[in-house]
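Analysis of the macromolecular model
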Amino acid sequence: GLPQCRQLRKPERAAPPQGPRTGLRPVAFTDASICGGILAVAMPAAVKTDPGSVMLFKAATLAVPPILKNTFTVGPLPDHIAWNSDCTMIATANEGEGVYDSSLVDPEGSVSIISGITPSGAGGTVTTVNFAPVAATDAGLIAAGVHLPLELNAQVYYDDNSGEFASKLDF
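So, here is what we can say about the structure in this document.

Conventions we followed
- Residues numbered from 1 in each chain as written.
- Predicted model: local features only at pLDDT ≥ 70, side-chain atom pairs only at ≥ 80, totals over all residues.
- Heavy atoms only, no water.
- Helix = DSSP H or I, 4+ residues; strand = E, 2+ residues; numbered from the N terminus.
- Buried < 20%, exposed > 50% of the residue type's maximum accessible area, 1.4 Å probe, protein only.
- Areas by Shrake-Rupley, 256 points an atom, 1.4 Å probe, with all protein chains shown as cover.
- Disulfide = S-S within 2.5 Å.
- Pairing = 2+ DSSP bridges.
- Axes fitted to C-alpha atoms, helices over the stretch in contact; angles between N-to-C directions.
- Salt bridge = Lys/Arg side-chain N within 4 Å of Asp/Glu carboxyl O.

**Here's the deal with the overall build of the protein**
Broken down by element type, the protein carries two helices and ten strands. Sequence-ordered secondary structure for the protein, helices as α and strands as β, is β-β-β-β-β-β-β-β-β-β-α-α. Taken across its 171 residues, the protein has 25% of its residues classed as buried. Of the accessible surface of the protein, which amounts to about 10,800 Å², a share of 58% is contributed by carbon and sulfur atoms.

So, in structure tokens, the structure goes:
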């Protein structure tokens, strides 16, 4: 979906805005943030394990809907957007949440930095980094003081052993 602009000086008259479509898929966005008149929207891909996108719009007014200015490809499932103070860079945390069907598809989480954004929402380049160099092993993470609710290979263990316990599970 797309954020909607509503005037609430007279809440009894608040109605969904009318206007042209913006090209967004009918899917929930994961985050939105405005800086300097530019609305940044984090969108998961249609397949959430694929790279997502950050879309920049000229912010809406009551009379004019958002106007798409730029789209950037970022990591899978972008889940948080933060602008820098002068609205020229965006950082997004890409959750990389897995999907389990007959096997696990679990992309790595990452961070994307979009730099060089102009005041109109044009320009910009994306740099995406993952945590593999600093998160190679559970032992290394634990030694660095990181709390692991699930170890890196927890899902592999489940895949390898779940059949043994399937008849004992009551859900």
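**Side note on the state of the cysteines**
Under the counting rule described, the total for this entry stands at one disulfide. Note on cysteine connectivity: Cys35 is disulfide-linked to Cys87, with sulfurs 1.8 Å apart. Between Cys35 and Cys87 the disulfide shows an S-S torsion of about -70°. By sign, it is left-handed. A residue pair is termed long-range when its members are at least 10 positions apart, and Cys35 in strand β1 (residues 31-35) and Cys87 in the loop between β5 (78-83) and β6 (89-94) qualify at 52 residues. For Cys87, a relative accessible area of 16% corresponds to the buried category.

**A word on the pairing of strand β9 (residues 110-115)**
Here β9 shows one buried face, formed by Ser110, Ser112 and Ile114, and one open face, formed by Val111, Ile113 and Ser115. Strand direction decides the pairing type here: β6 and β9, joined by six bridges, are antiparallel. The residue bridging Ala91 from the neighbouring strand is Ile113, located in β9. Pairing of β9 with strand β10 (residues 125-130), which is carried by six bridges, proceeds in the antiparallel orientation. Bridge pairing links Val111 to Val129 in β10.

**So, the sheet that holds β10**
Sheet architecture is open: four strands sit in the order β5-β6-β9-β10, paired in antiparallel fashion. Edge positions in the sheet fall to β5 and β10, since each has one partner strand and no second. Between one strand axis and the next, the sheet turns through 20° on average, direction left out of account.

**A short note on the pattern of salt bridges**
Applying the stated criterion to the full structure yields one salt bridge. A salt bridge links Lys48 to Glu97; the shortest N-O distance between them is 2.2 Å. One end of the pair, Lys48, is in the loop between β2 (38-43) and β3 (51-58); the other, Glu97, is in the loop between β6 and β7 (99-100), and 49 residues separate them in sequence. Relative accessible area serves as the criterion here: at 28%, Lys48 is assigned to the partly exposed category. Here Glu97 falls in the partly exposed class, since its relative accessible area comes to 31%.

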